[in-house]
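# Observations on the model geometry
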Amino acid sequence: MRNLILICVLFLASVGANAQCEITADVCQTHISSQYLSDGQHYRALLLSDQVAEFNATLYGGTTYRLAGCSGTQDGNLQYRVFDSQRNLLFKNDEFQNAPHWDFQVEATLDVIIEAQLDPIAGASGCAVMLMGFRR
Amino acid sequence: MKSSLYFLLSIAIISVLTLSSCGSEDPKNMDSGPSSESSEPKAKASGSSLLKVGDKLFNLPSPLETAMLIEEVGGHFNESMLNPVVDAGQYSVKIKQAMNLGVYGADLGYYLIYNQSQKACTLLATTKKLGAELGISPALYKGLMKRFEGNMENKDSLLIFVSELNRLSDEYLKENESEDLSAMILYGGWVESLYFVSELSKSLDNDALRARVGEQKNTLVNLIGFITLQNSDGRFDDILASLNDLKASFAKVNSTYSYFEPETKPDQKLTIIKSKSSVELDNALMEEISNKITALRKNIITTSAS
């Protein structure tokens, strides 16, 4: 009986979180305009308090990428930082009012690490969604 | 017993409400956390299936990016490179269906880049069947097919539709706890696009093509990481063994990277990344990688009737 109840609890929590992720994804998709092609992938992570989601990517030279990062139902709830493979900071959106999207014009191919976390004033937990688009 | 049941159900409801309200319209009412500049070590987020812990997120470049490069360097349309369209029913195992959905997704992009929209439309019907076998909602494809048929002459629109279909399929699978299938789709698409480049390189000696192969060194590491996360039951052991063998070849690629300070233009919401990089691989290594990619692809596309 106890196991059954626990399963119910986890199921309900999971359904709620999934529903929230879907809404956040819809909000985030509006930032990948028709000028950009989606990379075809959907990145999401459940973030609690000061947890950080880490996201590894390769960006090709000669391409401009648009990175969109969202949490909740409005813009500006997610902070993200882009590092190169040597951990040099390339960009952080908290210098620009947590801009929900930013473009990166890449001159030569590089591997990057993107770290995302909730803005502490925006909430204690939430579903973080990151989307990437590109154009040549 | 009843009271503990009510207690646990209350926790469940509170959990749902907490998660649903995290994007509150009124940030001032939310708990304050540590500063973003905190030097405290950060905990890793739970993964995208929401109940796992310690996952990383991995990105693989879109096969469309490679198809665009092939067109840019002057590669001619070569249909013989593509996986022949077969009855989707010949891929009877889910893993195989997912891998070939990835392969056909890359082929679809290749058709569109070369303005072969009619052939792309035919292939889309096959991908719809494979998607349905994997449980991807037919409604996703139905809407897209209509938009596709109404824009057959507009290459840019078709590319947007296809990239959007790929993203929605990925989202659907991840929401339905099928990340293993999502990983196999990415695997199939990655192998197919690398196969295009290695095949074209046999007839066209081009630095950009060669570089694109070498640049897969880290992408392969990401791919292995993603598949490993889905391999708790060992069913991807064979695939991972093959990919690790390929990784050993990629380890011989000479790559350099030099950091240069990026330039940010806030008015354009743009950062120009000026770092420099290079990759070098000789003919022998190119052939070694190409042979391994061809073998991986053969394993993927072989049907149960073969």
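Before reading further, recall that the structure is shown in the block above.
Residues numbered from 1 in each chain as written. Chains lettered and ligands numbered in written order. Predicted model: local features only at pLDDT ≥ 70, side-chain atom pairs only at ≥ 80, totals over all residues. Heavy atoms only, no water.

## Some details on the overall build of chain A
For chain A, the helix and strand inventory stands at one helix and nine strands. Reading the helices (α) and strands (β) of chain A from amino to carboxyl end gives α-β-β-β-β-β-β-β-β-β. In chain A, buried positions account for 70% of the 136 residues. Roughly 4600 Å² of accessible area belongs to chain A as shown, and the carbon and sulfur atoms make up 55% of that amount. (Helix = DSSP H or I, 4+ residues; strand = E, 2+ residues; numbered from the N terminus. Buried < 20%, exposed > 50% of the residue type's maximum accessible area, 1.4 Å probe, protein only. Areas by Shrake-Rupley, 256 points an atom, 1.4 Å probe, with all protein chains shown as cover.)

## A few points about the pairing of strand E9 (residues 125-135) of chain A
Residues and elements named next belong to chain A. Of all eleven residues that make up E9, ten are buried, and the element is covered over most of its length. In the sheet, strand E1 (residues 37-38) pairs with E9 via two bridges, with the strands oriented antiparallel. Residue leucine 37 lies in a different strand from E9, and its bridge partner there is phenylalanine 134. Relative to E9, strand E2 (residues 43-48) runs antiparallel, the two sharing six bridges. For leucine 47, the partnering residue across the bridge sits in E9 and is glycine 126. Two strands pair when backbone bridges link them, and strand E4 (residues 63-71) and E9 are joined in this way by eight bridges, in the antiparallel orientation. Residue pairing for E9: leucine 67 is matched across the bridge by methionine 132. (Pairing = 2+ DSSP bridges.)

## Notes on the packing of aromatic side chains
Residues and elements named next belong to chain A. Tallying each qualifying case throughout the model produces twelve aromatic pairs over all chains. Judged by centre distance (4.4 Å) and plane angle (45°), the ring pair of tyrosine 43 and phenylalanine 55 falls under tilted. Here tyrosine 43 is found in strand E2, whereas its partner phenylalanine 55 is found in strand E3 (residues 53-59), with twelve residues between them in sequence. Exposure remark for phenylalanine 55: the relative accessible area of 1% places this residue in the buried category. (Phe/Tyr/Trp six-rings, centres within 6.5 Å; stacked < 30°, edge-to-face > 60°.)

## Focus: helix H4 (residues 117-133) of chain B
Residue and element names in this part refer to chain B. Here H4 is 17 residues long and its end C-alpha atoms lie 24 Å apart, about the 24 Å a rise of 1.5 Å per residue gives. Burial in H4 covers these residues: Ser117, Ala120, Cys121, Leu123, Leu124, Thr126, Thr127, Leu130 and Gly131. Structurally, H4 contributes buried residues whose contacts are with helix H3 (94-113), helix H5 (138-149) and helix H6 (155-175). At the exit of H4 stands glycine 135, carrying a positive phi of roughly 90°. (Expected span 1.5 Å × (residues − 1). Contact = heavy atoms within 4.5 Å.)

## Here we look at the pattern of salt bridges
On inspection of all chains with the given rule, the structure shows 18 salt bridges over all chains. The partner of A:Arg87 in a salt bridge is A:Glu115, and the shortest N-O contact between them spans 2.8 Å. With A:Arg87 in the loop between strand E5 (78-84) and strand E6 (89-92) and A:Glu115 in strand E8 (residues 110-118), this pair connects stretches of sequence that are 28 residues apart. Residue classification places A:Arg87 among the partly exposed residues on the basis of a relative accessible area of 41%. Residue A:Glu115 is classed as buried on the basis of its relative accessible area, which comes to 18%. For B:Glu199, the salt bridge goes to B:Lys202, with nearest N and O atoms at 2.7 Å. With B:Glu199 and B:Lys202 both in helix H7 (residues 179-203) and three residues apart, this pair spans about one turn of that helix. Overall, the relative accessible area of 21% leaves B:Glu199 in the partly exposed class. On the accessibility criterion, B:Lys202 (56% relative accessible area) is exposed. Look at the salt bridges and you will find they share partners, linking B:Asp245, B:Lys252, B:Glu288 and B:Lys292 into a network. (Salt bridge = Lys/Arg side-chain N within 4 Å of Asp/Glu carboxyl O.)

## Observations concerning the environment of B:Val279
Tracing the backbone shows B:Val279 in strand E5 (residues 276-280). The spatial distance from the C-alpha of B:Val279 to the C-alpha of B:Leu57 is 25 Å, given a sequence separation of 222 residues.

## As for helix H10 (residues 237-250) of chain B
Residues and elements named next belong to chain B. When the terminal C-alpha atoms of H10 are compared, their 20 Å separation across 14 residues agrees well with the 20 Å that a helix rising 1.5 Å per residue should span. If you check which residues of H10 are buried, you get Ile239, Leu240, Leu243, Leu246, Ser249 and Phe250. Seen from one end, H10 has its buried residues packed into an arc of 165°, which puts them on one side. On its buried side, H10 packs onto H3, H7, helix H8 (207-214), helix H9 (216-229) and helix H11 (283-301). (Arc of directions from axis to C-beta.)

## Structural notes on the state of the cysteines
All names here are of chain A. Inspection of every chain in the model, using the stated rule, returns two disulfides over all chains. In this model, cysteine 21 is linked to cysteine 127 through a disulfide, with the two sulfur atoms separated by 1.9 Å. For the disulfide bridge between cysteine 21 and cysteine 127, the dihedral angle about the S-S bond is near 105°, and by the sign convention the bridge is right-handed. Placement of cysteine 21 in helix H1 (residues 2-29) and of cysteine 127 in strand E9 is noted, with a sequence separation of 106 residues between them. (Disulfide = S-S within 2.5 Å.)

## Things to note about the packing of H7(B) against H9(B)
Residue and element names in this part refer to chain B. Axis separation between H7 and H9 bottoms out at 10 Å; the angle between their running directions is 155°. One finds that H7 runs roughly antiparallel with respect to H9. Where H7 crosses over H9, the two elements pack in a sense that is left-handed. Contacts between H7 and H9 involve Glu179, Ser182, Ala183, Met184, Leu186, Tyr187, Trp190 and Leu194 from the former and Gln216, Thr219, Leu220, Leu223, Phe226 and Ile227 from the latter. (Axes fitted to C-alpha atoms, helices over the stretch in contact; angles between N-to-C directions. Parallel < 35°, antiparallel > 145°, perpendicular 65-115°, else oblique. Left-handed = near helix turned anticlockwise from the far one by under 90°.)

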